[in-house]
Amino acid sequence: MPAAERGREVRQRLLSAAVELIPERGWPAVSTRVLAERAGVTPSVVHYHYSSLPALLNEAVVGVMRQMLAELDGFLDAASTPAEAVDLMLASVNQYSGTDPLSLLFIEAYLAATRDPELREEIATVVDGFRERFGRWLDEHGVPEPVETAAVLVASIDGLLLHRGLGTRPNPEAVNAVLRRLLP
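Cut-offs and rules
- Residues numbered from 1 in each chain as written.
- Predicted model: local features only at pLDDT ≥ 70, side-chain atom pairs only at ≥ 80, totals over all residues.
- Heavy atoms only, no water.
- Phe/Tyr/Trp six-rings, centres within 6.5 Å; stacked < 30°, edge-to-face > 60°.
- Helix = DSSP H or I, 4+ residues; strand = E, 2+ residues; numbered from the N terminus.
- Buried < 20%, exposed > 50% of the residue type's maximum accessible area, 1.4 Å probe, protein only.
- Lys NZ or Arg CZ within 6 Å of the ring centre and 35° of its normal.
- Polar contact = N/O pair within 3.5 Å; in protein donor to acceptor, adjacent residues only side chain to side chain.
- Contact = heavy atoms within 4.5 Å.
- Core = buried A, V, L, I, M, F, W, Y, C linked by side-chain atoms within 4.5 Å.
- Salt bridge = Lys/Arg side-chain N within 4 Å of Asp/Glu carboxyl O.

Caption draft 1: Geometry of the packing of aromatic side chains. Scanning all chains against the criterion turns up 2 aromatic pairs. Aromatic side chains Phe-130 and Phe-134 sit 5.8 Å apart centroid to centroid with 25° between the ring planes, which places their arrangement in the stacked category. Of the two residues, Phe-130 and Phe-134 both sit in helix 7 (residues 117–140), 4 residues apart, roughly one turn of that helix. Taken individually, Phe-130 and Phe-134 each receive the classification buried, so the pair is uniform in this respect. Among the aromatic residues, those joined into a cluster by ring pairs are Phe-130, Phe-134 and Trp-137. Directly above the ring of Tyr-50 sits Arg-11, whose terminal nitrogen or CZ lies 4.3 Å from the centroid.

Caption draft 2: The arrangement of the side chain of Asp-73 in detail. Mapped onto the elements, Asp-73 comes out in helix 4 (residues 53–78). Side-chain polar atoms of Asp-73 contact the side chain of Arg-133, separated by 3.0 Å. Ignoring sequence-local partners within four residues, the contact set of Asp-73 consists of Phe-130 and Arg-133.

Caption draft 3: Structural view of the nonpolar core. One finds Leu-35, Leu-56 and Phe-134 to be the most contacted residues of the largest nonpolar core, which totals 57 residues. When contributions to this core are tallied by element, the ones reaching two or more residues are helix 1 (3–25), helix 2 (32–39), helix 4, helix 5 (82–93), helix 6 (101–113), helix 7, helix 8 (146–164) and helix 9 (172–180). Looking at this core, the element that brings in the most residues is helix 4, giving 12 residues. Contacts of Phe-134, omitting those with residues within four sequence positions, involve Leu-76, Met-89, Ala-150, Leu-153 and Val-154.

Caption draft 4: Just the side chain of His-49, in detail. Position of His-49 among the secondary structure elements: in helix 3 (residues 43–49). Using a relative accessible area of 16% as the deciding quantity, one classes His-49 as buried. Residue contacts for His-49: discarding those within four places in its chain leaves Gly-7, Val-10, Arg-11 and Leu-14.

Caption draft 5: Representation of the pattern of salt bridges in the model. By the definition in use, this model includes 8 salt bridges. As a salt-bridge pair, Arg-33 and Glu-37 come within 3.8 Å of each other at their nearest N and O atoms. With Arg-33 and Glu-37 both in helix 2, this residue pair falls 4 residues apart, about one helical turn. Relative accessible area serves as the criterion here: at 53%, Arg-33 is assigned to the exposed category. We classify Glu-37 as exposed; its relative accessible area is 60%. The partner of Asp-73 in a salt bridge is Arg-133, and the shortest N-O contact between them spans 3.0 Å. Residue Asp-73 is found in helix 4, and its partner Arg-133 is found in helix 7; the two are separated by 60 residues along the sequence. Residue classification places Arg-133 among the partly exposed positions, given a relative accessible area of 31%.

Structure representation (structure tokens):
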């Protein structure tokens, strides 16, 4: 295997290990040693590929967020109306318990972002990008104040996911009805 390919494979193992460890242990408990052990490499390899452990953790979490929001873009492609887009997004929320690894990864990332300005900026860029795409899509579908509507809908869906971690599960049909009132 060529060195460049080996390097990509090691970086991917490190990122995957970070995505597994953050929900298991919590962001602050992921050390270089633990991460290296999970990825099957020596700690020096972590620092060979990344300038710091936070840089690796940030890249891992932001990559997963980009991937998740790309899936939401797919809902926009599949939906023919704004109400249908909201239905699809809310249905996707139902796959997460709030205590599943992906939900915990996002919760940990949001918390870490309160202490890490670089991570906060990276997450904000990803979320803002989706919100802008969603706003344009809503505009194309005749929704008044599309950017503001997108902001409320995205924040609501995000909040519903975060609240699931607390064990709160409002009636999905009632939530759907409320959010649909924002749309023509």
